[in-house]
Amino acid sequence: MGQLDGKTAIVTGGAEGIGVSYAKALTAEGAQVAIWDVVSCDDTVAAITASGGRALGLTCDVSDPAQVAAALKATQEAFGGVHILVNNAAVFARLYQKPFEDITTAEFDKALAVNVRGPFECVKAVSPIMRAQNYGKIINIASGTAFKGTAGMMHYVASKGAVISMTRSMANELGKDGINVNCIAPGLVMTDAILAREGMEDFRQGSAAGRFLKKLQTPEDLTGTLVFLASPASDFITGQIIVVDGGAAMH
Ligand SMILES: NC(=O)c1ccc[n+]([C@@H]2O[C@H](COP(=O)([O-])OP(=O)(O)OC[C@H]3O[C@@H](n4cnc5c(N)ncnc54)[C@H](O)[C@@H]3O)[C@@H](O)[C@H]2O)c1
């Protein structure tokens, strides 16, 4: 028996990167998972199905409320109610580091539209369903960069600071209806995209050296916390930001 048997989860941005591991971890605990992404989710869905799990891939730009509404409708038609929402999609791996004065207005607006307004649109869409159930687990994904003020990606750092604040405000408004809203702030995670990026070896090794637990962080370092926040074990926790980075950022 899994901790999430009978539950339906949505993982945004689950086609690539850490979201793949989130979707796999939730299905391994018995949840059925809808993966919403702007690129094909076929590989993630195939891997989950091959392991005996249930997953559905849907094309959805989380910053477009019409696409969010369509993806939610398709999710409900396939799986019924929505119990867990993981707001993981973000403009991240394709960002290139640059001084903040070189960030264009369009780049700034895009980061905020996907990373902040995206989770807002998704929570706004699922909240009526979760309120009606008097049950829901919303997990927003921020970043340790918001605590460190990491240089070279100011728009991204600002967006993750907003995700932290938004988590607290949403938790406050949704608590009376039995909905938990929490947030995970990962450190630098060795996804395929981060490992493939040239000229970043010092940065990668620096991330391991700069934390109490001296190792590179993998996506699987996050899945235990994710499942905990999605499960009944965390039923009396809300509005919290859990930094999962081996002891690099403190707050
Ligand atoms: N990898 C890290 O080091 C790290 C560290 C801290 C926080 N995070 C956060 O973790 C999450 C996942 O990070 P990642 O490294 O896997 O990122 P990634 O860039 O590799 O993957 C992001 C996923 O989101 C999807 N996506 C992008 N824009 C979208 C949109 N408008 N609508 C729907 N899907 C969209 C992408 O297609 C991709 O599948 C992000 O929120 C990121 O900010 C990552």
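First, a word on scope: everything that follows refers to the structure included in this document. (Residues numbered from 1 in each chain as written. Predicted model: local features only at pLDDT ≥ 70, side-chain atom pairs only at ≥ 80, totals over all residues. Heavy atoms only, no water.)

To continue, consider the overall build of the protein. Within the protein, the regular secondary structure consists of nine helices and seven strands. Counting the 251 residues in the protein, one finds 51% classified as buried. Long-range pairs, those at least 24 residues apart, make up 71% of the contacts in the protein with a sequence separation of at least 6. Of the accessible surface of the protein, which amounts to about 11,300 Å², a share of 57% is contributed by carbon and sulfur atoms. (Helix = DSSP H or I, 4+ residues; strand = E, 2+ residues; numbered from the N terminus. Buried < 20%, exposed > 50% of the residue type's maximum accessible area, 1.4 Å probe, protein only. Contact = heavy atoms within 4.5 Å. Areas by Shrake-Rupley, 256 points an atom, 1.4 Å probe, with all protein chains shown as cover.)

Where helix H1 (residues 18-28) meets helix H9 (residues 220-230), the axes come as close as 9 Å, and the angle between the chain directions of the two elements is 50°. The orientation of H1 with respect to H9, classified from their angle, is oblique. Remark: the crossing between H1 and H9 carries right-handed chirality. Taken together, the residues of H9 that come into contact with H1 (itself represented by Ile18, Ser21, Tyr22, Ala25 and Leu26) are Glu220, Leu222, Thr223, Leu226, Val227 and Ala230. (Axes fitted to C-alpha atoms, helices over the stretch in contact; angles between N-to-C directions. Parallel < 35°, antiparallel > 145°, perpendicular 65-115°, else oblique. Left-handed = near helix turned anticlockwise from the far one by under 90°.)

A word on the packing of aromatic side chains. Scanning the entire structure with this criterion turns up one aromatic pair. Here Phe92 and Tyr156 contribute two aromatic rings whose centre-to-centre distance is 4.9 Å and whose plane-to-plane angle is 40°, an arrangement assigned as tilted. A residue pair is termed long-range when its members are at least 10 positions apart, and Phe92 in the loop between strand E4 (84-87) and helix H4 (105-133) and Tyr156 in helix H6 (residues 154-174) qualify at 64 residues. Overall, the relative accessible area of 28% leaves Phe92 in the partly exposed class. Positioned above the aromatic ring of Tyr96, the side-chain terminus of Arg197 is 4.6 Å from the ring centre. (Phe/Tyr/Trp six-rings, centres within 6.5 Å; stacked < 30°, edge-to-face > 60°. Lys NZ or Arg CZ within 6 Å of the ring centre and 35° of its normal.)

For the rest of this paragraph, the subject is the site of the ligand. In the vicinity of the ligand lie 27 residues, with Ile18, Asp37, Asn88, Tyr156 and Val189 positioned nearest. Asn88 is positioned with one of its backbone polar atoms (N or O) 2.8 Å from an oxygen atom of the ligand. Contacts to the ligand include Ala93, whose backbone N or O atom sits 3.0 Å from an oxygen atom. The fraction of the free accessible surface of the ligand (830 Å²) that becomes covered by protein chains is 96%. Taken together, the residues that form the shell around the ligand break down as 17 nonpolar, six polar and four charged. (Near = heavy atom within 4 Å. Polar contact = N/O pair within 3.5 Å; in protein donor to acceptor, adjacent residues only side chain to side chain. Nonpolar A, V, L, I, M, F, W, Y, C, P; charged D, E, K, R; others polar.)

As for its placement among the helices and strands, Leu188 is situated in the loop between strand E6 (179-186) and helix H7 (192-196). For Leu188 and Ala34, which are 154 residues apart along the polypeptide, the C-alpha to C-alpha distance reads 26 Å. In this view, Leu188 contacts Ile194, Met200, Phe203, Arg204, Ser207, Arg211 and Gln217; residues no more than four positions away in its chain are not counted.

Let us now look at the side chain of Lys160. Within the secondary structure layout, Lys160 lies in helix H6. Although Lys160 is buried, it forms no salt bridge, and the closest oppositely charged side chain is Asp37 at an N-O distance of 13 Å. Ignoring any residue separated from it by four or fewer positions in sequence, one finds Lys160 in contact with Ala90, Asn115, Ile141, Ala142, Ser143 and Ala146. (Lys, Arg positive; Asp, Glu negative; His and termini not counted. Salt bridge = Lys/Arg side-chain N within 4 Å of Asp/Glu carboxyl O.)

A few words now on the environment of Ala146. Looking at where Ala146 falls in the secondary structure, it is placed in helix H5 (residues 145-148). Once the C-alpha coordinates of Ala146 and Val163 are considered, the two residues, 17 residues apart in sequence, prove to be 9.4 Å apart. The contacts of Ala146, once residues within four sequence positions are left out, are Val157, Lys160, Gly161 and Ile164.

Ile10, Trp36, Leu85 and Ile138 are the most contacted members of the largest nonpolar core, which totals 32 residues. Ranked by the residues each element gives to this core, the list is headed by H4, at seven residues. Other than its neighbours up to four places away in sequence, Ile10 contacts Ala34, Trp36, Leu72, Thr75, Val82, Ile84, Leu85, Val86 and Val126. (Core = buried A, V, L, I, M, F, W, Y, C linked by side-chain atoms within 4.5 Å.)

Right, let's get into the side chain of Thr167. Position of Thr167 relative to the elements: it lies in helix H6. We classify Thr167 as buried; its relative accessible area is 0%. Every residue in contact with Thr167, bar those within four places of it in the chain, is listed here: Asn140, Val181, Asn182, Cys183, Gln240 and Ile241.

Let us look at unusual backbone geometry. A negative phi angle characterises most non-glycine residues, just as the trans form characterises most peptide bonds. For Asn134, which is not glycine, the phi torsion reads 55° and is therefore positive. The residue Asn134 is located in the loop between H4 and strand E5 (136-141) in this model.

Moving on, we come to H1. The element H1 is extensively covered by neighbouring structure, given that nine of its eleven residues are classed as buried. Listed in full, the buried residues belonging to H1 are Ile18, Gly19, Val20, Ser21, Tyr22, Ala23, Ala25, Leu26 and Thr27. One or two residues past the end of H1 sits Gly30, with phi positive at roughly 100°.

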